[in-house]
Amino acid sequence: MSARQKRVLISVTDKTGIVEFADQLIKSGYEIISTGGTAKKLKQCEIPVREVEDITGYPEILDGRVKTLHPKVFGALLAIRDNARHVKDMHTHDIEPIDMVVVNLYPFEKVVTETVLDEKELLEYIDIGGVTLLRAAGKNFHDVAIVCDPGDYPQILHELSENDGVVRVKTKRRLAAKAFAHTARYDAVISSYFRERDKEKTPDIFPQEMTIGLKKVQSLRYGENPHQKAALYQETGARSVNWGIVTAKKLQGKELSYNNSLDLDSAWNLVSEFHQTAAVIVKHNTPCGVALSDRPAEAFRLAMACDPMSAFGGIVAFNKEVDGQAAEEMIKIFLECVIAPGYRPEAMDVFRKKENLRVLQLPEFITTAAKEFDVKRVSGGLLVQEKDYGRSTDLKGVTKKSPSPEEMASLEFAWRVVKHVKSNAIVLARGLQTVGLGAGQMSRVDALRVAWMKLQQQQPLILGSQRPLVLASDAFFPFRDCVDEASKMGIAAIIQPGGSVRDEDSIRAANEYGMSMVFTGMRHFRH
């Protein structure tokens, strides 16, 4: 067998660099076998090619659905070269070995995310033969080299030239791992498509088996700490390819870290809650200031005033285009990142004065239509849940006093913010501006005290406000102590889910203090 000429099967959808690669393989002593469009491309470039049908004796059939699925192809890939029985079978059935497979797959993901096709058309972009070729070659990697990424062409050619036309087993094992990962992600894309279509029809939205396909976007400088390595991956899905923080375009600044990415995602999710011009400042994955206004600069100034000390080194998100005035406000302090749907030219001129400031652009906001799963790792597995896109639509007043229109607007604003604050969470607000946030406390009353402490540290801009002070709690009050504390702080109105066995105690306390209280009927824990 070893005396036979080496052979390579090439069948690629992405033809980047394939002509040059094939030409060098010919020079390294390989005979090329190919199919369909790939064979046509190589022949046009005067690369000698044998058609697969010349090997199998069968033409392509079923509109190209069947090309390589034949024993003379898969026997040539799966035969173990030093197994006497395999060698005998190959000789009996006139099968010549194939030593390398160069395959990449029909672009199902690209088609499903970038085009609108009916399902019959879309199904034609599910690759069968290519996936099977990669799996067969991967199973027999000791004898067959698998190349599924054009980015590997230079290394393969270098190794052939340095190793007498042979790819090392160590390299073939690495390429096999890459091929299996590639086909697994490819199948995950297809599975995601069918899952998304069936989600509304299936009572149990969590399948018995779930695949999550990931594709590396970039290496990160480090993880949560400098001694941890990290990378950013994009999740497979049937939605727009421009979806989510992972596709944000960096316009300037240093490379992102792991923590930057987490904070950017938190800020972007929160700023997506609002239609009016909003500014959000996040520090350590928790908002430290949120405000709405008519102009980005004013929204940022109000958000900053909530906790200017914590805002240092933070992440800022806007839901509207950033102008020069807002940029001038931001460069007054040290910030890690800014993200917005767009920037005025004068804003970018200002940001260039801070060359390390990461400026990111992302036009597409987080919406309830995304229907993403929220996935968290635990030892030995994953927890999977629906993302919290919940919006309370049936607010219920439970006290003798009802909130004024101004208080209600402020309560609804604070309720949208508290959903994005680590539990236990309390948000204090005046108007459409947070003035104190208590996050991640083991006791709810302690979360209130932290929020009040933050309020006491603020600038006169907030302390002098005559607007009513309101409170939002992400979960119910187990005791009346939070209401008792709130009364000492001058809080006029409270919004909370309700649902405690002691709700009546809290309502009674609010009535005693002349406060209004609204129940949402929906909890927003964030762990």
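Bear in mind that the values here come from a model prediction, so they are computed numbers and not experimental data.

(A) Geometry of the nonpolar core. In this structure, L264, W268, F274, V280, I339, V417 and V427 are the most contacted members of the largest nonpolar core, which totals 40 residues. The greatest single-element share of this core, amounting to six residues, is contributed by helix 16 (residues 405-418). With residues up to four places along the chain from it excluded, the contact list for F274 reads V290, L292, N319, F413, R416 and V417. Core analysis: the second largest hydrophobic core is formed by 35 residues, M90, L122, L134 and Y193 among them.

(B) Geometry of the packing of helix 1 (residues 18-27) against helix 9 (residues 153-162). Where helix 1 contacts helix 9, the two axes come as close as 11 Å, and the packing angle between them is 10°. Between helix 1 and helix 9, the interaxial angle falls into the category roughly parallel. Judged by residue contacts, I18, F21, Q24 and L25 of helix 1 engage Y153, I156, L157 and L160 from helix 9. Considering only residue class, the contact of helix 1 with helix 9 consists of seven nonpolar, one polar and no charged.

(C) Geometry of the environment of N356. By the element assignment, N356 lies in the loop between helix 15 (345-351) and strand 13 (358-361). Judged by its relative accessible area of 44%, N356 falls in the partly exposed class. A C-alpha to C-alpha distance of 9.4 Å links N356 and L335, two positions 21 residues apart in sequence. If near-sequence neighbours (up to four positions away) are discounted, N356 is found in contact with G253 and K254.

(D) The state of the cysteines, seen in detail. Evaluated as defined, the whole model comprises zero disulfides. C306 carries a free sulfur, and the closest cysteine sulfur to it, the one in C288, is 7.2 Å from it.

(E) Fine view of the pairing of strand 9 (residues 278-283). For strand 9, the tally of buried residues reaches five of six residues, placing the bulk of the element in the interior. Note: strand 9 against strand 10 (residues 286-292), six bridges, orientation antiparallel. Paired with I281 across the bridge in strand 10 is G289. Direction of pairing for strand 9 relative to strand 11 (residues 314-318): antiparallel, over a ladder of four bridges. Looking at the pairing, A279 lines up with F318 of strand 11.

(F) Main features of the pairing of strand 11. The buried count for strand 11 comes to five of five residues, which makes it a mostly enclosed element. Alternating residues of strand 11 divide into G314, V316 and F318 and I315 and A317, and every residue in both groups is buried. In terms of handedness, the path from strand 11 via helix 14 (residues 324-330) over to strand 12 (residues 335-340) forms a crossover that is right-handed.

(G) Quick peek at the pattern of salt bridges. Within the structure shown, the criterion is met by 27 salt bridges. One connected set of salt bridges, linked through shared partners, spans D446, R449, E485 and K488.

(H) Quick look at the environment of L360. Position of L360 among the secondary structure elements: in strand 13. Under the relative-accessibility criterion, L360 is labelled buried at 2%. The residues contacting L360, other than those within four sequence positions of it, are A248, K249, K250, L256, L264, C337, V338, I339, A340 and Y343.

Procedures and definitions
Residues numbered from 1 in each chain as written. Predicted model: local features only at pLDDT ≥ 70, side-chain atom pairs only at ≥ 80, totals over all residues. Heavy atoms only, no water. Core = buried A, V, L, I, M, F, W, Y, C linked by side-chain atoms within 4.5 Å. Buried < 20%, exposed > 50% of the residue type's maximum accessible area, 1.4 Å probe, protein only. Helix = DSSP H or I, 4+ residues; strand = E, 2+ residues; numbered from the N terminus. Contact = heavy atoms within 4.5 Å. Axes fitted to C-alpha atoms, helices over the stretch in contact; angles between N-to-C directions. Parallel < 35°, antiparallel > 145°, perpendicular 65-115°, else oblique. Nonpolar A, V, L, I, M, F, W, Y, C, P; charged D, E, K, R; others polar. Disulfide = S-S within 2.5 Å. Pairing = 2+ DSSP bridges. Right-handed = clockwise from strand over helix to strand, strands pointing away. Salt bridge = Lys/Arg side-chain N within 4 Å of Asp/Glu carboxyl O.

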